[in-house]
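Observations on chain architecture
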Amino acid sequence: MFDITFIKKFEKTIRKHWNELAVRDYQQDGVTYGELAAEIEMNHILWSAAGLKRGDKISINAKSCAGWAKTFMSIVSGGYVGVQLFDGYTPSDTQQLVNHSDSLLLYTEKRLYENMDIANMPNILGVIDVKTGELLAERNGFGEIYAKREQMFQEKHPAGITPEEVVFPELDADEVCGINYTSGSTGNPKGVMLSHKNLSGNIDFAVKEIPHQEGDKVLSMLPIAHMFGLMFEFLYQVCDGAEVYFLTKA
């Protein structure tokens, strides 16, 4: 049995490695654990202001990259549910799965959204480019709230966020934190519900059994929309102080 949930492990790692690099795209500038904490906090403030509540679903449909990783950690550390959609799905299938999962936000890429339409996703409040932060579509006033996200962060943290302020909510180990849709190679994709216990157990195993050191640099090549890539080329590393490079292309 794991000692603590992976979210609390991640919280401790952020404080310990505050000024060390956490994630970056290959040959691009990265963000430190402290900068990642600030981005996570800004997302939490934004989503709360937009009316999202603990347990609400947020979809990610994009190629593996630092933006994907930062968005996913924002989702699960706030008690929301991350819906992982492979970027190889057709636009039509992506929209259907966004609707099937009851997602309220979609983080994707501009190139992927060009063949989608928010009108086909009636529950979605906003569509955001996961790499650039550009708001691609919105409804019900989400755009106005999104435009004020930095202002809201500065009002809450006028001097910037500090390590001591990084306190993620206590989450039950049995709470769902992710929905991973199978590839559909033998039928229609099926949403597999994953709990904090599921992910924490794998991360606890990896930290204890796979040789590594804090501060190691890891190259992530597998799709993190799939569980093996997510668990063993990203999650366990950032929960234990490594620096993850996303290759972003073959």
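For the structure itself, look to the data block above.
Quick summary incoming for the structure in this document. Not measured: the values here are computed from a predicted model. (Residues numbered from 1 in each chain as written. Predicted model: local features only at pLDDT ≥ 70, side-chain atom pairs only at ≥ 80, totals over all residues. Heavy atoms only, no water.)

Attention shifts here to helix α9 (residues 227-238). Taking 1.5 Å as the rise per residue, α9 with 12 residues should run 16 Å; its terminal C-alpha atoms sit 15 Å apart, in good agreement. The element α9 is largely enclosed, with a buried count of 10 among its 12 residues. Of the residues making up α9, those classed as buried are Gly229, Leu230, Met231, Phe232, Glu233, Phe234, Leu235, Tyr236, Gln237 and Val238. (Helix = DSSP H or I, 4+ residues; strand = E, 2+ residues; numbered from the N terminus. Expected span 1.5 Å × (residues − 1). Buried < 20%, exposed > 50% of the residue type's maximum accessible area, 1.4 Å probe, protein only.)

This paragraph deals with unusual backbone geometry. The backbone of Gln27 sits at a positive phi, close to 65°, despite the residue not being glycine. Exposure remark for Gln27: the relative accessible area of 65% places this residue in the exposed category. Phi is positive for Asn140, close to 60°, though the residue is something other than glycine. Mapped onto the fold, Asn140 is located in the loop between β7 (135-138) and α6 (142-147).

Moving on, we come to the sheet that holds strand β1 (residues 21-25). Across a sheet, strands are paired by hydrogen bonds formed along the backbone, either parallel or antiparallel in direction. Ordered in space as β2-β1-β11-β10, the 4 strands form an open sheet in which the pairing is mixed. Looking at the sheet topology across the chains shown, the edges are occupied by β2 (30-32) and β10 (217-220). Each strand of the sheet is rotated relative to its neighbour by a mean of 15°, with strand direction disregarded. Direction of pairing for β10 relative to strand β11 (residues 243-246): parallel, over a ladder of 4 bridges. The partner of Ser220 across the bridge, within β11, is Phe246. Relative to β2, helix α2 (residues 33-49) is tilted by about 90°, and along the sheet it contacts β1 and β2. The sheet strands contacting helix α3 (residues 66-77) are β1, β2 and β11, and the helix crosses β1 at an angle near 135°. (Pairing = 2+ DSSP bridges. Axes fitted to C-alpha atoms, helices over the stretch in contact; angles between N-to-C directions. Contact = heavy atoms within 4.5 Å.)

What follows concerns the packing of aromatic side chains. Inspection of the entire model under this criterion finds 9 aromatic pairs. Where Trp47 meets Tyr80, the ring centres are 5.4 Å apart and the plane angle is 85°; that geometry is what we call edge-to-face. Here Trp47, found in helix α2, pairs with Tyr80, found in the loop between α3 and β4 (81-85); they are 33 residues apart in sequence, far enough to count as distant. Taking relative accessible area as the criterion, Tyr80 reaches 6% and is therefore assigned buried. Residues Phe228 and Phe232 carry aromatic rings whose centres are separated by 5.0 Å and whose planes lie at 45° to one another, so their mutual orientation is tilted. Of this pair, Phe228 and Phe232 both sit in helix α9, 4 residues apart, which is roughly one turn of the helix. One aromatic cluster is present, built from ring pairs that chain together Trp47, Tyr80 and Tyr107. Above the plane of the ring of Tyr146 lies Arg149, whose end atom (NZ or CZ) is 3.9 Å from the centre. (Phe/Tyr/Trp six-rings, centres within 6.5 Å; stacked < 30°, edge-to-face > 60°. Lys NZ or Arg CZ within 6 Å of the ring centre and 35° of its normal.)

A large share of β4 lies buried, amounting to 5 of its 5 residues. Residues Val81, Val83 and Leu85 of β4 are buried on one face, and the alternating residues Gly82 and Gln84, pointing to the opposite face, are buried as well. Of the pairings in the sheet, the one linking strand β3 (residues 57-61) to β4 comprises 5 bridges and is parallel in character. Pairing of Asn61 across the sheet is with Leu85, part of β4. A crossover links β3 with its parallel partner β4, the connecting element being α3, and its sense is right-handed. Across 3 bridges, β4 lies against strand β8 (residues 176-181) in parallel orientation. Within β8, the residue paired with Val83 across the bridge is Ile179. (Right-handed = clockwise from strand over helix to strand, strands pointing away.)

Glancing now at the sheet that holds β8. Taken in spatial order, the 7 strands of this open sheet run β7-β6-β5-β3-β4-β8-β9, and their pairing is mixed. One side of each edge strand has no neighbouring strand; the edge strands of this open sheet are β7 and β9 (191-195). Within this sheet the neighbouring strands show an average axis-to-axis angle of 20°, counted without direction. Alignment of β3 against strand β5 (residues 103-108), held across 4 bridges, turns out to be parallel. Bridge pairing in β5 places Ile58 opposite Leu105. Packed onto the sheet, helix α8 (residues 196-209) meets β8 and β9 and runs at close to 70° relative to β9.

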